[in-house]
Amino acid sequence: MDKKLCIIGLGKMGSTLAKGLVNAGILKKEQIVGTDICVDNFEMNPVYCNIETLNDNIKAVQQCDIVLLSVKPQVIDKVLKEISSFCKDKIVISIAAGITIEHLEKALPSSAKIIRAMPNTPILVGEGVIAISRNKNVSDEEISMVKNLLESVGRVYLVEEDMMDVITALSGSGPAYVYIIIEALADGGVLMGLPRDLSLEFAARTVLGSAKMVLESNKHPGELKDMVTSPGGTAIRGIEVLENRGIRGIIMNAVKEAANRSQEINSQRGVKFDR
Ligand SMILES: NC(=O)C1=CN([C@@H]2O[C@H](COP(=O)(O)OP(=O)(O)OC[C@H]3O[C@@H](n4cnc5c(N)ncnc54)[C@H](O)[C@@H]3O)[C@@H](O)[C@H]2O)C=CC1
Ligand SMILES: O=C(O)[C@@H]1CCC=N1
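All values derive from a computational prediction rather than experimental measurement. (Residues numbered from 1 in each chain as written. Chains lettered and ligands numbered in written order. Predicted model: local features only at pLDDT ≥ 70, side-chain atom pairs only at ≥ 80, totals over all residues. Heavy atoms only, no water.)

Q: Quick question: what am I supposed to make of the UniProt feature "binding site: NADP(+)" (unreviewed entry) in the chain here?
A: The positions UniProt marks with the feature "binding site: NADP(+)" (unreviewed entry) are Ile8, Gly9, Leu10, Gly11, Lys12 and Met13. Here, the second largest pocket is lined by Ile8, Gly9, Leu10, Gly11, Lys12 and Met13 out of the annotated residues. When residues no more than four places from it in sequence are discounted, the contact partners of Gly11 are Thr16, Asp36 and Asn41. Residue placement: Lys12 occurs in helix H1 (residues 12-24). In this structure Lys12 comes out as exposed when scored by relative accessible area, which is 66%. (UniProt positions renumbered as here; feature names shortened; annotations may be inferred. 1 Å grid on protein atoms, 1.4 Å probe; cavity = no way out; pocket = protein on both sides within 12 Å on 5 of 7 lines; lining within 4 Å. Contact = heavy atoms within 4.5 Å. Helix = DSSP H or I, 4+ residues; strand = E, 2+ residues; numbered from the N terminus. Buried < 20%, exposed > 50% of the residue type's maximum accessible area, 1.4 Å probe, protein only.)

Q: Please explain a nonpolar patch on the surface as it appears in this structure.
A: A surface patch of nonpolar side chains, about 350 Å² in accessible area, is lined by Ile181, Leu185, Ile250 and Ile251. Elements with a contribution of two residues or more to the nonpolar patch: helix H7 (174-191) and helix H11 (247-267). Position of Leu185 relative to the elements: it lies in helix H7. Residue classification places Leu185 among the partly exposed residues on the basis of a relative accessible area of 44%. (Patch = residues over 30% accessible without salt bridge, like charges linked within 9 Å, V, L, I, M, F, W, Y side chains within 5 Å. Areas by Shrake-Rupley, 256 points an atom, 1.4 Å probe, with all protein chains shown as cover. Salt bridge = Lys/Arg side-chain N within 4 Å of Asp/Glu carboxyl O.)

Q: For this particular structure, what's the right way to read the site of ligand 2?
A: The environment of ligand 2 is made up of Ala97, Gly172 and Ser173. Because more than half of its atoms lie within 2 Å of the grid, ligand 2 is assigned to the second largest pocket. (Near = heavy atom within 4 Å. Sits in = over half its atoms within 2 Å of the grid points.)

Q: Could you clarify how one ought to interpret the nonpolar core in this entry?
A: Here is a general trend for soluble globular proteins: nonpolar side chains tend to be buried in one another's company. Membership of the largest hydrophobic core comes to 33 residues, with the highest contact counts inside it found for Leu5, Ile7, Leu21, Ile32, Ile93, Ile115 and Ile132. If you list the elements that add at least two residues to this core, you get strand S1 (5-8), H1, strand S4 (66-69), strand S5 (91-94), strand S6 (113-118), strand S7 (128-134) and helix H5 (140-151). In this structure, Ile132 is in contact with Ile115, Arg116, Ala117, Ile143, Lys147, Leu150, Val156, Tyr157, Leu158, Val159 and Met164, ignoring residues within four places of it in sequence. (Core = buried A, V, L, I, M, F, W, Y, C linked by side-chain atoms within 4.5 Å.)

Q: Any chance you could explain the packing of helix H6 (residues 164-172) against H11 here in plain terms?
A: A pair of packed helices is captured by two measures, namely the crossing angle of their axes and the spacing between those axes. Where H6 meets H11, the axes come as close as 8 Å, and the angle between the chain directions of the two elements is 130°. With respect to H11, the element H6 is oriented oblique. The two elements H6 and H11 meet at a crossing, and its hand is right-handed. On H11, the residues that touch Asp165, Val166, Thr168, Ala169 and Leu170 of H6 are Val255, Ala258, Ala259, Ser262 and Gln263. Taken together, the residues of the contact of H6 with H11 break down into six nonpolar, three polar and one charged. (Axes fitted to C-alpha atoms, helices over the stretch in contact; angles between N-to-C directions. Parallel < 35°, antiparallel > 145°, perpendicular 65-115°, else oblique. Left-handed = near helix turned anticlockwise from the far one by under 90°. Nonpolar A, V, L, I, M, F, W, Y, C, P; charged D, E, K, R; others polar.)

Q: Where do I start with the pattern of salt bridges in this structure?
A: Between side chains of opposite charge, a pair can form as their charged atoms come close. The final tally for this structure, using the stated rule, is 13 salt bridges. Across the salt bridge formed by Lys147 and Glu151, the nearest N and O atoms sit 3.3 Å from each other. Pair noted here: Lys147 and Glu151 are both in helix H5, with a separation of four residues, about one helical turn. According to the relative accessible area criterion, Lys147 is partly exposed, its value standing at 27%. Owing to a relative accessible area of 40%, Glu151 belongs among the partly exposed residues under this scheme. Its salt-bridge partner being Glu201, residue Arg205 comes within 2.7 Å of it at the nearest N-O pair.

Written out as structure tokens, the structure reads:
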């Protein structure tokens, strides 16, 4: 790919994307420039595979074809205002939770090609899942190019934008829920006498293997669960505890609340843009 990418905000997600894309070999490190206001982040440059780093968003945007906004929703308006007039013919990808295409359109030139995306941190290990939606200015060819770029770090799905809040709650935020489950499983092992490192390894591999079974076996999760639960056995005793405490409702509610929060973030955007 002969495009140059600018990543604005080299925090957790921006640096993960930079590293993931360089590691995947889809872009050379010379094809990515990253910016941040926190210059301390630049000392972490090896983490970003030695991409060029600047603390000047405009300078970075000017030299790129694709701009990826990886700043918090709370500061995105400030950044949009700063770079807007330099984005006339650019593809602008925002990964900010809750920030709608409509909001981005108000802030950017009417010709800007806008993509709202929701990745997740497992892109760092090539197992990410990324949803993308586009505005009317993005051609089929351009969306294919962006899809191709992001497919190097995960599975990419083109979705209707009205699914984005839920996807943000499910796959965008979901790794956080899964880490809590893994940590809790490991704590359970430690509680019952396993060494911490072995317990964590077994917990993580159990989640990894179970997820693979769901994806590769073509069986319903309920059927896979039944394969583990012998009558009068150990697994059903564990499941009884989880069901008594309402595990399913708790997890469903977590997704619902996170989706509500994503919607709320957009409705709280107050800055008005002068064209
Ligand atoms: N962390 C995650 O798992 C995911 C995050 N996201 C989205 O990615 C975006 C970034 O999130 P994180 O990386 O977690 O946050 P973060 O706080 O780690 O990174 C944001 C970075 O932006 C920098 N920044 C702030 N103002 C700036 C400016 N004016 N110009 C340039 N850089 C600036 C900050 O110094 C910071 O390093 C958010 O909008 C979030 O909703 C999306 C999917 C997953
Ligand atoms: O909570 C957050 O800020 C982000 C949005 C998607 C995942 N985590």
